[in-house]
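One-letter residues, chain by chain:
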Amino acid sequence: MSVVGIDVGYQNCHIAVARSGGIETIANDYSDRCTPACVSLASKNRMIGNAAKSQITTNFKNTVHGFKKFHGRAFDDPLVQAEKPKLPYSLHKLTNGNTGIKVPSFFTDAERRSVFDATQIAGLNCLRLINDTTAVALAYGIYKQDLPSPEERPRNVVFVDMGHSSFQVSITAFNKGKLKVLATAHDLYLGGRNFDEALVDYFCEDFKSKYKLNVRENPRALLRLHQECEKLKKLMSANSSDLPLNIECFMNDIDVSGKMNRGQFEDMSGQYLMKVDMPLKSVLEQTSMCLKFGRICEVYSKNKLSHVSVCWAELSRDDIYAVEIVGGATRIPSVKERIAKFFGKDCAILSPAFKVREFSITDVFPFLLLFAGSPQQRMDWECEVFSKNHAAPFSKVITFHKKEPFDLEAFYSNPQELPYPDHRIGCFSVQNVVPQPDGDSSKVKVKVRVNVHGIFSVSSASLIEKQKGEGEDMQIDSEPMVQNEGKAEDQSKMQVDQEGQSPGDQQNEDNSSSSKEGAPGEKQDPAAGASKPKVKVKIIDLPIVANNIRQLDNDVLNNFVEYEHQMIIQDKLVKEQNDAKNAVEEYVYDLRDKLCGIYEKYITEEDSNRLTLLLEDTENWLYEDGEDQPKQVYEEKLDALKRLGQPIQDRHREQEDRPRAFEELGKKM
Ligand code: ATP
Ligand code: MG
Ligand code: K
């Protein structure tokens, strides 16, 4: 089994394979290591990557690119609506409200679920979805030989990734074999394409005044201008002098030309350059907070939150060991300068050497997550279950006391920070809850989890039923109680605890480890089997029904899997058909050439004329009736031609071989 890493970009995708101790980014069928994120649909088959990109201007309505922005988004999402007018293809609302395309850093729960679904459809076993920025950090950590050892102070590195459509920044702390993302920030509306657009705007005006052309009215011309402007932008990264932009037969048979230099380009893209600082500031601020409070919360004693302040100094620019930049758009000199100026440091372009080692990743979940009783049952409780920049994966156990089934609603608590209008993650109904035999509320333990892919779920719920007549009474809390689940969270043992709560219940999860620091005086869950007198309890698993989750349900997913499978078969059929057709065409050309060349001596003039005529007929047929025939028809055509061509070829070969045969014979004699 191989482990494969896939980088899904707005403009480009990369696929890397780990093998024999190294990581190799594999090349596609065009020998490129970077494949355009582009799919082009023709009437019968589809093209992917480079082949599809070449269709952008010719088959623009059916060539989809830049779809990363739409993963898991509802059609009514303002971002989707804002992107819509910029696209040459059209977007539609799917039956579940999500965005579909009609053709024919980091991610929210919904986006992750959508990408995860895609991996399932493609038949991949998804090991882990990682934030863009974390993947970048991993690339750094894997290759660095000189990281501080685990006891030493970690090395803080800033990663800046400006791609085609988005801008992500993160600060990551490294020790040998381990990385922890401290903070992330982003601007989802800043990327290389903004700079392309600035150029496009300029040339639209330029061509309007020079040639009276209204480029914006002509989608194909506009796409071509976009492509040329992107090329020009890249050229300007290496050249500061005047550079030309020429497009032949641009619109209405008019050739256009213009010019631009780096200075001018920087002036016109000033508004985008200004936006570079914001996320940089934000990560620095967050990191100082995170280091301060992260430490405080780790050392606490229950009920009285007595801080033992192991307060770190604010993380300042001096604590930054290095600034590493990735993403194509950071090659724009003014972008790079802006970043370097902010940190007062030169930026290095992340370029991995080779050698793979084990690496433990602690990704962060960049949003606060709030969990509440559902509105139907009155929002009787609301709690911030996961703090901002909490390490993932992680899980927590929440204890409720209920007499009937209840709903839990999960949502991100800071809508304004969310790159997504709907801050609800989903609603989870805990079913089959009944009172205790004596009429009291039952203790219900609900486990909530953010898995390695960063996808949230209510993973299990169980009801703890007291067995009659045994031991002490169970403590009935009026408020639910939230506790960390052991294991995964060694980086951040923050415990969410609410005021006015009765002493905590020690949870009784079988994989809970020693992470409960066991604050003195804490009452043990009777079932935990500690030194306290035992109460016999029965643990009953409760079904959970998830609603409003932006992930495909199994039937739909299976349909997509099936559909993908059919498309693969269809693509294969079309390829075979094309190959068979090309084989006929090649044979026609080849034989025709040889008939007036090397085969001339081996066929009578009359036969040659007849055969030439037949070849011409076949060629015409290929462009007319034979344009689109089943593979078999082409194969039969080829066979028929070969039956005529083969004897000539054989006579030719025999003649060629004869002198050699004589030679061989001569040697032997
Ligand atoms: P995203 O990360 O936003 O989803 P992506 O990963 O597909 O997008 P990248 O491949 O990192 O994006 O970068 C593509 C962008 O970088 C494009 O806008 C491209 O024009 C720009 N770019 C590439 N090379 C250069 C260069 N030499 N100078 C300026 N811009 C460049
Ligand atoms: Mg990218
Ligand atoms: K990016």
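### Quick word on the overall build of the chain
Here is step 1 of the chain: Each helix and strand counted, the chain has 13 helices and 28 strands in total.
Here is step 2 of the chain: Taken over 669 residues, the chain has a buried fraction of 46%.

### Focus on the pattern of salt bridges
Here is step 1 of the chain: Tallied over the entire structure, the rule returns 15 salt bridges.
Here is step 2 of the chain: Linking lysine 234 and glutamate 230 is a salt bridge whose minimum nitrogen-to-oxygen distance equals 3.7 Å. On the criterion of helical spacing, the pair formed by lysine 234 and glutamate 230 is a turn pair, its members being four residues apart in helix H6 (residues 219–238).
Here is step 3 of the chain: Overall, the relative accessible area of 13% leaves glutamate 230 in the buried class.
Here is step 4 of the chain: The salt bridge involving aspartate 590 is made with lysine 594; its shortest N-O contact spans 3.1 Å. In this pair, aspartate 590 and lysine 594 both sit in helix H11 (residues 554–595), four residues apart, roughly one turn of the helix.
Here is step 5 of the chain: Given the relative accessible area of 25%, lysine 594 is considered partly exposed.

### Quick look at the site of ligand 1
Here is step 1 of the chain: In the vicinity of ligand 1 lie 19 residues, with Tyr10, Gln11, His164, Glu230 and Ser237 positioned nearest.
Here is step 2 of the chain: Between ligand 1 and glutamate 230, the relevant distance is 2.6 Å, taken from an oxygen atom to a side-chain nitrogen or oxygen of the residue.
Here is step 3 of the chain: Relative to its free-state accessible area of 660 Å², ligand 1 is covered by the protein chains to the extent of 90%.
Here is step 4 of the chain: At four residues, the largest contribution of residues to the shell around ligand 1 is made by H6.
Here is step 5 of the chain: Tallied by class, the residues present in the shell around ligand 1 amount to three nonpolar, eleven polar and five charged.

### Quick look at the coordination of the potassium ion (ligand 3)
Here is step 1 of the chain: At the metal site, the potassium ion (ligand 3) is ligated by Ser166 (O) and Gln168 (OE1), and these contacts range over 2.7 to 3.1 Å.
Here is step 2 of the chain: Metal-to-metal, the separation of the potassium ion (ligand 3) and the magnesium ion (ligand 2) is 3.8 Å.

### A closer look at the environment of glutamate 409
Here is step 1 of the chain: Residue position: glutamate 409 is located in strand S22 (residues 406–412).
Here is step 2 of the chain: Here glutamate 409 falls in the buried class, since its relative accessible area comes to 5%.
Here is step 3 of the chain: Distance from glutamate 409 to cysteine 427, taken between C-alpha atoms, is 4.4 Å for residues 18 residues apart in sequence.

### A short note on the packing of helix H5 (residues 192–211) against H6
Here is step 1 of the chain: The N-to-C vectors of H5 and H6 enclose an angle of 115°; their axes lie 8 Å apart at closest approach. H6 is crossed by H5, and the crossing has right-handed handedness. Contacts between H5 and H6 involve Gly192, Phe195, Asp196, Glu197, Leu199, Val200, Phe203, Cys204 and Phe207 from the former and Leu222, Leu225, His226, Cys229, Glu230, Leu232, Lys233 and Met236 from the latter.
Here is step 2 of the chain: By residue class, the composition of the contact of H5 with H6 is eleven nonpolar, two polar and four charged.

### A few points about the packing of aromatic side chains
Here is step 1 of the chain: Under the definition given, this model contains ten aromatic pairs.
Here is step 2 of the chain: Residues phenylalanine 203 and phenylalanine 207 carry aromatic rings whose centres are separated by 5.7 Å and whose planes lie at 35° to one another, so their mutual orientation is tilted. With phenylalanine 203 and phenylalanine 207 both in helix H5 and four residues apart, this pair spans about one turn of that helix. Each member of the pair, phenylalanine 203 together with phenylalanine 207, is buried.
Here is step 3 of the chain: Between phenylalanine 400 and phenylalanine 406, the aromatic rings sit 5.1 Å apart at their centres with planes inclined by 50°, giving tilted as the arrangement.
Here is step 4 of the chain: Judged by its relative accessible area of 2%, phenylalanine 406 falls in the buried class.
Here is step 5 of the chain: Each residue in the set Tyr202, Phe203, Phe207, Tyr211 and Phe250 is aromatic and connected to the rest through ring pairs, giving one cluster.
Here is step 6 of the chain: Looking at arginine 155, its charged tip hangs above the ring of tyrosine 321, at a distance of 3.8 Å from the centre.

### With respect to the confidence of the model for the chain
Here is step 1 of the chain: Residues of the chain with pLDDT of at least 70 account for 62%, and the chain-wide mean is 73.
Here is step 2 of the chain: Taken together, the stretch residues 292–314 has pLDDT below 50 and engages in 32 contacts with residues farther than four places along the chain or on a different chain.
Here is step 3 of the chain: When the criterion is pLDDT under 50, residues 470–478 qualifies, and its contacts beyond four places in sequence or with other chains add up to 18 contacts.

### Some details on unusual backbone geometry
Here is step 1 of the chain: Non-glycine residue asparagine 252 carries a positive phi angle of around 45°.
Here is step 2 of the chain: Summarising the element assignment, asparagine 252 is placed in the loop between strand S13 (243–251) and strand S14 (254–260).
Here is step 3 of the chain: For asparagine 252, a relative accessible area of 58% gives the class exposed.
Here is step 4 of the chain: Residue asparagine 432 is not a glycine yet carries a positive backbone phi of 60°.
Here is step 5 of the chain: Turning to its location among the elements, asparagine 432 is positioned in the loop between strand S23 (424–430) and strand S24 (442–450).

### Here we look at helix H13 (residues 631–668)
Here is step 1 of the chain: Here H13 contains 38 residues, and its C-alpha end-to-end distance of 49 Å is more than 12% below the 56 Å for a straight helix at 1.5 Å per residue.
Here is step 2 of the chain: Glycine 645 marks the point of greatest bend in H13, at about 35°, and the proline proline 647 comes within the next four residues.

### Thoughts on the environment of arginine 216
Here is step 1 of the chain: One can find arginine 216 in the loop between H5 and H6.
Here is step 2 of the chain: Overall, the relative accessible area of 44% leaves arginine 216 in the partly exposed class.
Here is step 3 of the chain: The contacts of arginine 216, once residues within four sequence positions are left out, are Val200, Asp201, Cys204 and Leu222.

### Things to note about the pairing of S22
Here is step 1 of the chain: Within S22, seven of the seven residues are buried, which leaves the element mostly enclosed by the surrounding structure.
Here is step 2 of the chain: Taken together, the six bridges between S22 and S23 define a ladder with antiparallel strand orientation. The residue bridging alanine 410 from the neighbouring strand is glycine 426, located in S23.

### Observations concerning the environment of methionine 260
Here is step 1 of the chain: Position of methionine 260 relative to the elements: it lies in strand S14.
Here is step 2 of the chain: Overall, methionine 260 belongs to the buried group, its relative accessible area being 0%.
Here is step 3 of the chain: With 15 residues separating them in the primary sequence, methionine 260 and leucine 245 have C-alpha atoms 7.8 Å apart.
Here is step 4 of the chain: Setting aside residues up to four positions removed in sequence, methionine 260 forms contacts with Leu199, Tyr202, Phe203, Leu232, Met236, Ser241, Asp242, Leu243, Phe265 and Met268.

### A word on the packing of helix H12 (residues 605–623) against H13
Here is step 1 of the chain: Where H12 meets H13, the axes come as close as 12 Å, and the angle between the chain directions of the two elements is 160°. Classified by the angle between their axes, H12 and H13 sit roughly antiparallel to one another. Of the two elements, H12 crosses H13, and the hand of that crossing is left-handed. Contacts between H12 and H13 involve Leu611, Leu614, Leu615, Thr618, Trp621 and Leu622 from the former and Val633, Tyr634, Lys637, Leu641, Leu644 and Ile648 from the latter.
Here is step 2 of the chain: Residue composition of the contact of H12 with H13, by class: ten nonpolar, one polar and one charged.

### So, helix H10 (residues 333–343)
Here is step 1 of the chain: Residues of H10 that are buried: Pro333, Ser334, Val335, Ile339, Ala340, Phe342 and Phe343.
Here is step 2 of the chain: The first or second residue beyond H10 is glycine 344, which carries a positive phi of 60°.

### Focus: the state of the cysteines
Here is step 1 of the chain: Counting across every chain of the model gives zero disulfides.
Here is step 2 of the chain: The thiol of cysteine 204 is not disulfide-bonded; the next cysteine sulfur, from cysteine 229, is found 7.9 Å away.

The rules we used
- Residues numbered from 1 in each chain as written.
- Chains lettered and ligands numbered in written order.
- Predicted model: local features only at pLDDT ≥ 70, side-chain atom pairs only at ≥ 80, totals over all residues.
- Heavy atoms only, no water.
- Helix = DSSP H or I, 4+ residues; strand = E, 2+ residues; numbered from the N terminus.
- Buried < 20%, exposed > 50% of the residue type's maximum accessible area, 1.4 Å probe, protein only.
- Salt bridge = Lys/Arg side-chain N within 4 Å of Asp/Glu carboxyl O.
- Near = heavy atom within 4 Å.
- Polar contact = N/O pair within 3.5 Å; in protein donor to acceptor, adjacent residues only side chain to side chain.
- Areas by Shrake-Rupley, 256 points an atom, 1.4 Å probe, with all protein chains shown as cover.
- Nonpolar A, V, L, I, M, F, W, Y, C, P; charged D, E, K, R; others polar.
- Donors = N, O, S within 2.8 Å, 3.2 Å for Na, K, Ca; no water.
- Axes fitted to C-alpha atoms, helices over the stretch in contact; angles between N-to-C directions.
- Left-handed = near helix turned anticlockwise from the far one by under 90°.
- Contact = heavy atoms within 4.5 Å.
- Phe/Tyr/Trp six-rings, centres within 6.5 Å; stacked < 30°, edge-to-face > 60°.
- Lys NZ or Arg CZ within 6 Å of the ring centre and 35° of its normal.
- pLDDT = per-residue confidence, 0-100.
- Expected span 1.5 Å × (residues − 1).
- Bend = angle between axes of the 7 residues up to and from the residue.
- Pairing = 2+ DSSP bridges.
- Parallel < 35°, antiparallel > 145°, perpendicular 65-115°, else oblique.
- Disulfide = S-S within 2.5 Å.

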